[in-house]
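# Close look at the chain arrangement
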Amino acid sequence: MHRDVRELYQGEPGSLERGHRRIAAQLAQQNYGKDTQIHLIHVIVPGFADVAVEGIPDVESVERKEEQAVLDQMSGILKFQAKVDATAEVVSGEIVEVIAHACRQYGADEVIV
């Protein structure tokens, strides 16, 4: 099953981080079974920022650090509120390929994009 995460996020004004917390809280209310595993992934698409250049900020490294912190917070909410096994990672690659690989790796029953 595939669902769009925008169904869960009502577009409330405020920070993106607050939106992520809201999404995690709404996912936690979905009554998943205790043996449920949720794996959160943020994909960084390859591009101009994937090669370090002297004098130019390492944009990918900053994004990776910021997104990992947000995902860790979301997985913490899911672990605490939904009592499920939740993990998170930031991965570089083409979005479709990364998601397809994760689905095969984790035997996904559902994907929320």
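Conventions used here
Residues numbered from 1 in each chain as written. Predicted model: local features only at pLDDT ≥ 70, side-chain atom pairs only at ≥ 80, totals over all residues. Heavy atoms only, no water. Phe/Tyr/Trp six-rings, centres within 6.5 Å; stacked < 30°, edge-to-face > 60°. Lys NZ or Arg CZ within 6 Å of the ring centre and 35° of its normal. Helix = DSSP H or I, 4+ residues; strand = E, 2+ residues; numbered from the N terminus. Expected span 1.5 Å × (residues − 1). Buried < 20%, exposed > 50% of the residue type's maximum accessible area, 1.4 Å probe, protein only. Salt bridge = Lys/Arg side-chain N within 4 Å of Asp/Glu carboxyl O. pLDDT = per-residue confidence, 0-100. Contact = heavy atoms within 4.5 Å. Core = buried A, V, L, I, M, F, W, Y, C linked by side-chain atoms within 4.5 Å.

Let's shift gears to the packing of aromatic side chains. Under the counting rule described, the total for this entry stands at 0 aromatic pairs. For Lys83, the ring lying beneath its charged end belongs to Phe80, and the centroid distance is 4.9 Å.

Let's shift gears to helix α2 (residues 59-82). Each turn of an α-helix holds 3.6 residues, which means side chains three or four residues apart point in the same direction. The end-to-end C-alpha distance of α2, which contains 24 residues, comes to 34 Å, matching closely the 34 Å that a straight helix rising 1.5 Å per residue would cover. Inspection of α2 places Glu60, Glu67, Val70, Leu71, Met74, Ser75, Ile77, Leu78 and Ala82 among the buried residues, and these make up the whole buried set. Directly beyond the C-terminal end of α2, a positive phi value near 55° is found at Lys83.

Applying the stated criterion across every chain yields a total of 1 salt bridge. Residue Arg64 pairs with Glu60 through a salt bridge whose shortest N-O separation is 3.1 Å. Here Arg64 pairs with Glu60, and both are found in helix α2, just 4 residues apart, close to one helical turn.

As for its position among the elements, Phe80 is in helix α2. Judged by its relative accessible area of 63%, Phe80 falls in the exposed class. Sequence-wise, Phe80 and Ala28 are 52 residues apart; in three dimensions their C-alpha atoms are separated by 8.7 Å.

Residue Asn31 is not a glycine yet carries a positive backbone phi of 60°. On the secondary structure map, Asn31 appears in the loop between α1 (16-28) and β2 (37-44). Given a relative accessible area of 73%, Asn31 falls into the exposed group. Phi is positive for Lys83, close to 55°, though the residue is something other than glycine. Tracing the sequence through the fold places Lys83 in the loop between α2 and β3 (85-92).

All right, on to the confidence of the model for the protein chain then. Of the residues in the protein chain, 81% have a pLDDT of 70 or more, and the chain-wide mean is 79. Contacts for the low-pLDDT stretch residues 1-14, under 50 throughout, to residues beyond four places or in other chains number 29 contacts.

Judged by nonpolar contacts, the single largest core of 16 residues is most densely connected at Ile38, Leu40, Leu71, Met74, Leu78 and Val84. Secondary structure elements with two or more residues in this core: α1, β2, α2 and β3. With 6 residues, the single largest contributor to this core is α2. In this view, Val84 contacts Tyr32, Gly33, Thr36, Ile38, Leu78 and Lys79; residues no more than four positions away in its chain are not counted.

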